[in-house]
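# Observations on the model geometry
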Amino acid sequence: MNRAVPDYESLKEIARKIKCPVKELIVLSPQNDPYYVGSPTELRSAEWIAEIVKEYLEERGCERVHDRAIHYYILSKGLERPKGKNDWKRYEGDINDFKFTMKAIQNARILGLIPWSVIEDKRNPDPIIMAYYWQHEDISSIRVTPEQLAWNFVEGFQPFNPQLQQAYHVEIWTEKTTINNILIPIARKYGVNLQAFSGHATATRVYELMRRVFRISKPVRILYISDFDKYGHNMPVATGRKIQWFVDNLGVDLDIKLDKILLTEEQVEFYDLPSAPGEENKVELDALEVYYPGEIKKIVEEAVSIYIDLEVMEEVNRANAIIRQELYSIIVDELEPIRDQLESIQLPPNLVGELPKAEIIEEESNALYDSSRDYVDQTLFFKQFLRSRS
């Protein structure tokens, strides 16, 4: 179904022809409706930010970026931004500059100047995907080999647990998820837990920590990461206080220490980091990563490696690999005499018969959005819904 998609110019032309305000042809405010993006000033800012995003991706050798990182990138480069139709102004990083950049990125994506896949959403959790799709397989052509059976058996087999050989149990706790792309690989590499919050650590998560470490019987070290501001300064204290309460009230004898490793006042001064947009007394972790790429990874790894012996972990993993390889060879050799029988396995035809298939139901077109409506009908439907709330 091919439809002419209205845009900024065509909506203005329609409004002139039928002599009505443009706002009657859009649903959201003129500044926010995606169909009404494309004024000369919007196009200018979109082209400006598209070049900056492209430069950032090429310079950092990455394919995606969080929009907030672009704000700090512009600031770190001392760039100017468009002002009105022809002027320029120095990018000072205040709340107005930040909002300008966020809007420019949004408009550039709508106008096709920045691919939608390039900008990461680190503000919201990933969707929970439970609907999986794959094509039905032809079960009559199934082949089973000794190598497949052996690999299926040994693939996840780890006779020795590298965690048991470590002296400490380590967890990284952070107040935000925007640096999970940095922290997750570190947690995987060193075999440490990662707990990310949107703000303060909850008592429930602290209780779950207590349950975990009670069974481990090792010294526990929690490395805390937060922005440098009043809340970020207080967060590790509030978390430590909750841990203290649980230790005292559960009557457990545990060796637990919590320390803040990022972002400290000393680090802010050493790296000379800028304040967050609109918040003079706040410095964000995102700024450190943009101004000094790789520094967060370096700081966190240095803190983790104090307690986790990577050489011990690698040695245990090597021992596991040796045993897996030997077990794989033994299984293959044992199954070799029946290779022909395995590879010629055939399932009986029509074993399960024809699979059932659900049918499309008849629906009334009263959904808030219905893709079968044309632009005008859907716009009117939205407007009617908005007016329905008294």
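This text follows the structure it describes.
To keep things clear, this report deals only with the structure shown in the data block. (Residues numbered from 1 in each chain as written. Predicted model: local features only at pLDDT ≥ 70, side-chain atom pairs only at ≥ 80, totals over all residues. Heavy atoms only, no water.)

## Let's talk about the overall build of the chain
- Assigned secondary structure in the chain consists of 14 helices and eight strands.
- Its C-alpha atoms give the chain a radius of gyration of 29 Å, more than 25% over the compact-globule value 21 Å for 390 residues.
- For the chain, the spread of C-alpha atoms along the principal axes amounts to about 85 × 70 × 45 Å.
- Across the 390 residues of the chain, 36% fall into the buried class.
- Looking at the chain alone, contacts between residues at least 24 apart form 69% of all its contacts between residues at least 6 apart.
- Accessible surface computed for the chain: about 25400 Å², of which carbon and sulfur atoms make up 53%. (Helix = DSSP H or I, 4+ residues; strand = E, 2+ residues; numbered from the N terminus. Rg over C-alpha atoms; globule rule 2.2 N^0.38 Å. Buried < 20%, exposed > 50% of the residue type's maximum accessible area, 1.4 Å probe, protein only. Contact = heavy atoms within 4.5 Å. Areas by Shrake-Rupley, 256 points an atom, 1.4 Å probe, with all protein chains shown as cover.)

## Structural notes on helix 11 (residues 295-305)
- Considered for burial, the residues of helix 11 that qualify are Glu295, Ile296, Ile299, Val300, Glu301, Ala303 and Val304.
- Where helix 11 is buried, its residues contact strand 5 (169-174), helix 6 (180-190), strand 7 (220-225), strand 8 (256-262), helix 9 (265-271) and helix 10 (285-291).

## Considering the sheet that holds strand 8
- Overall, parallel pairing links the four strands, which are arranged 6-5-7-8 in an open sheet. Edge positions in the sheet fall to strand 6 (193-196) and strand 8, since each has one partner strand and no second. When the angles between neighbouring strand axes are averaged without regard to direction, this sheet yields 20°.
- With four bridges connecting them, strand 5 and strand 6 associate as parallel partners. What sits directly across from glutamate 171, in strand 6, is asparagine 193.
- Helix 6 rests against strand 5, strand 6 and strand 7 of the sheet, and its axis sits at about 160° to strand 6.
- In the packing of helix 7 (residues 203-216) onto the sheet, the strands contacted are strand 5, strand 6, strand 7 and strand 8, and the crossing angle to strand 5 comes to about 170°. (Pairing = 2+ DSSP bridges. Axes fitted to C-alpha atoms, helices over the stretch in contact; angles between N-to-C directions.)

## Considerations on the packing of helix 2 (residues 40-60) against helix 4 (residues 95-110)
- Relative to each other, helix 2 and helix 4 sit at 90°, their axes nearing to 8 Å. In terms of axis orientation, helix 2 runs roughly perpendicular to helix 4. Each of Glu42, Ser45, Ala46, Trp48 and Ile49 in helix 2 lies in contact with helix 4, whose residues at this interface are Phe100, Thr101, Ala104, Ile105, Asn107 and Ala108.
- Residue composition of the contact of helix 2 with helix 4, by class: seven nonpolar, three polar and one charged. (Parallel < 35°, antiparallel > 145°, perpendicular 65-115°, else oblique. Nonpolar A, V, L, I, M, F, W, Y, C, P; charged D, E, K, R; others polar.)

## Considering helix 4
- For helix 4, built from 16 residues, the straight-helix expectation of 22 Å at 1.5 Å per residue is met to within 8% by its first-to-last C-alpha distance of 23 Å.
- Taken together, the buried positions of helix 4 are occupied by Asp97, Phe98, Thr101, Met102, Ala104, Ile105, Asn107, Ala108 and Arg109.
- Buried residues along helix 4 sit against helix 2, helix 3 (67-77), strand 2 (80-83), strand 3 (87-90) and strand 4 (119-120).
- Of the residues flanking the end of helix 4, it is glycine 112, one or two places downstream, whose phi is positive at about 80°. (Expected span 1.5 Å × (residues − 1).)

## Brief notes about the packing of aromatic side chains
- Counted according to the given criterion, the structure contains 11 aromatic pairs.
- Here tyrosine 168 and tyrosine 307 contribute two aromatic rings whose centre-to-centre distance is 5.0 Å and whose plane-to-plane angle is 65°, an arrangement assigned as edge-to-face. One end of the pair, tyrosine 168, is in the loop between helix 5 (146-154) and strand 5; the other, tyrosine 307, is in the loop between helix 11 and helix 12 (310-335), with 139 residues separating them in the sequence.
- On the accessibility criterion, tyrosine 307 (23% relative accessible area) is partly exposed.
- Feature note: the residues Tyr207, Trp245 and Phe246 constitute an aromatic cluster, connected by ring pairs.
- For the cation-ring pair, arginine 44 lies above tryptophan 88, with the distance from its terminal atom to the ring centre recorded as 4.6 Å. (Phe/Tyr/Trp six-rings, centres within 6.5 Å; stacked < 30°, edge-to-face > 60°. Lys NZ or Arg CZ within 6 Å of the ring centre and 35° of its normal.)

## Describing the pairing of strand 7
- Where burial is concerned, most of strand 7 is hidden: six out of the six residues are buried.
- Judged from the six bridges that link them, strand 5 and strand 7 form a sheet pairing that is parallel. Note that in strand 7 the partner of valine 170 across the bridge is arginine 221.
- Here strand 7 runs beside strand 8; their pairing, made up of six bridges, is parallel. In the strand pairing of strand 8, isoleucine 222 is matched with leucine 258.
- Note on the crossover from strand 7 through helix 8 (residues 230-250) to strand 8: the handedness is right-handed. (Right-handed = clockwise from strand over helix to strand, strands pointing away.)

## Remarks on the packing of helix 6 against helix 11
- Where helix 6 meets helix 11, the closest approach of the two axes is 10 Å, and the angle between their N-to-C directions is 30°. Considering their axes alone, helix 6 and helix 11 lie roughly parallel with respect to each other. The hand of the helix 6/helix 11 crossing is right-handed. Together, Ile182, Leu183, Ile186, Lys189 and Tyr190 of helix 6 and Ile296, Lys297, Val300, Glu301, Val304 and Ser305 of helix 11 make up the contact between the two elements.
- For the contact of helix 6 with helix 11, the residue count by class is seven nonpolar, one polar and three charged. (Left-handed = near helix turned anticlockwise from the far one by under 90°.)

## Considerations on the environment of asparagine 107
- Checked against the element boundaries, asparagine 107 lands in helix 4.
- Considered as a pair, asparagine 107 and asparagine 32 are 75 residues apart in the sequence and their alpha carbons are 9.3 Å apart.
- Ignoring anything within four residues of it in the chain, the contact list for asparagine 107 reads Val37, Glu42 and Ala46.

## Concerning the pairing of strand 3
- Examined bridge by bridge, strand 2 and strand 3 share four bridges and lie antiparallel to one another. Bridge pairing in strand 3 links proline 82 to tryptophan 88.
- A loop of three residues connects strand 2 with strand 3, the two strands running antiparallel in sequence, and glycine 84 in this loop sits at a positive phi of about 65°.

## Re the side chain of arginine 339
- Locating arginine 339 in the fold gives a position in helix 13 (residues 339-343).
- A distance of 2.7 Å separates a polar atom in the side chain of arginine 339 from a polar atom in the side chain of glutamate 147.
- The residues touching arginine 339, leaving out its near neighbours within four places in the chain, are Thr145, Pro146 and Glu147. (Polar contact = N/O pair within 3.5 Å; in protein donor to acceptor, adjacent residues only side chain to side chain.)

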